[in-house]
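Coordinate inspection notes
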Amino acid sequence: MRVTVTARDPISREGAVSQLRRHPEVELCEGPGPATVALLIEDVLDETALARLRRAVRGGDTRAVLVVGALREHELLDVVECGVGAIVWRHQATAHRLVRAVLTAAEGGGDPPADLLGRLLGQVGRLHRGGGDRPGSLLGLTSREVDVVRLVAEGLDTSEIACTLSYSERTVKNVMHGLTTRLRLRNRSHAVAYALREGYI
């Protein structure tokens, strides 16, 4: 699998690259070209880091692994909405742990630290009980879904939406399929009606 490694500082990047280079199943991408997994190393998830994360997974074909020093509670859903498959605490980022996270993400699985999973489940529970005030949550529409549905409501077809949002057509179809399946909506018109009724658009 092809893996890109991004970090704010060269020492962190080179450390992760040297750990991954020892494993024959990992092909490190140095230049342009699609990657199976994007590994991002951050101290904290500020707006700059979140923008890097979103760029890494834009198009929907690349899975993300986030190596991070700390995550605040309100940042958990941002990470989930970006489609991060695995999260590794920086102080636990051994070669074995990094490779396991990359392999899990490449297969479409999830691999969060146990303490983080507990916090995330707590947030989902609060949202389910109506305690969350965040639009675009796991139980409603994500920001990506809102963008797609808004353009559907404006009459754009799949290729036009893909061009406008810089996604692949497959990603647009996957977003719509995921949204209609998760919320048990019949079709695109039903999705637009739902988004209007719930105040997303």
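Reading the values: rules and limits
- Residues numbered from 1 in each chain as written.
- Predicted model: local features only at pLDDT ≥ 70, side-chain atom pairs only at ≥ 80, totals over all residues.
- Heavy atoms only, no water.
- Helix = DSSP H or I, 4+ residues; strand = E, 2+ residues; numbered from the N terminus.
- Buried < 20%, exposed > 50% of the residue type's maximum accessible area, 1.4 Å probe, protein only.
- Contact = heavy atoms within 4.5 Å.
- Salt bridge = Lys/Arg side-chain N within 4 Å of Asp/Glu carboxyl O.
- Axes fitted to C-alpha atoms, helices over the stretch in contact; angles between N-to-C directions.
- Parallel < 35°, antiparallel > 145°, perpendicular 65-115°, else oblique.
- Left-handed = near helix turned anticlockwise from the far one by under 90°.
- Nonpolar A, V, L, I, M, F, W, Y, C, P; charged D, E, K, R; others polar.
- Phe/Tyr/Trp six-rings, centres within 6.5 Å; stacked < 30°, edge-to-face > 60°.
- Lys NZ or Arg CZ within 6 Å of the ring centre and 35° of its normal.

So, the environment of E27
Inspection of the secondary structure puts E27 in strand β2 (residues 27-28). Residue E27 is classed as partly exposed on the basis of its relative accessible area, which comes to 43%. For the pair E27 and R2, spaced 25 residues apart in the sequence, the C-alpha separation amounts to 4.7 Å. Discounting residues that sit within four places of it in the chain, E27 has contacts with M1, R2 and V3.

Quick word on the pattern of salt bridges
Summed over all chains, the structure comprises eight salt bridges. A salt bridge links R8 to D46; the nearest nitrogen and oxygen atoms lie 2.6 Å apart. Here R8 is found in the loop between β1 (2-7) and α1 (10-21), whereas its partner D46 is found in the loop between β3 (37-42) and α2 (47-57), with 38 residues between them in sequence. When its relative accessible area of 26% is taken as the criterion, D46 is described as partly exposed. One salt bridge in this structure joins R182 and E145, with 2.8 Å as the shortest N-O distance. Within this pair, whereas R182 is found in helix α8 (residues 169-182), its partner E145 is found in helix α6 (residues 143-153), the two being separated by 37 residues in sequence.

A closer look at the packing of α6 against helix α9 (residues 188-197)
The relative placement of two packed helices is expressed as an angle between their axes plus a distance between the axes. The contact between α6 and α9 brings their axes to 9 Å, and the two run at 110 degrees. When the axes of α6 and α9 are compared, the pair comes out roughly perpendicular. By crossing handedness, the relation of α6 to α9 is classed as left-handed. Between α6, through V149, V152 and A153, and α9, the contact on the second element is made entirely by R188, A191, V192 and A195. For the contact of α6 with α9, the residue count by class is six nonpolar, no polar and one charged.

Considerations on the packing of aromatic side chains
Counted according to the given criterion, the structure contains one aromatic pair. Ring centres of Y194 and Y200 lie 6.4 Å apart, and the angle between their planes is 20 degrees; this geometry places the pair in the stacked category. The cationic tip of R144 hangs over the ring face of Y167; the distance from NZ or CZ to the ring centre is 5.0 Å.

Take it as geometry only, folks, not as evidence of what the structure does.
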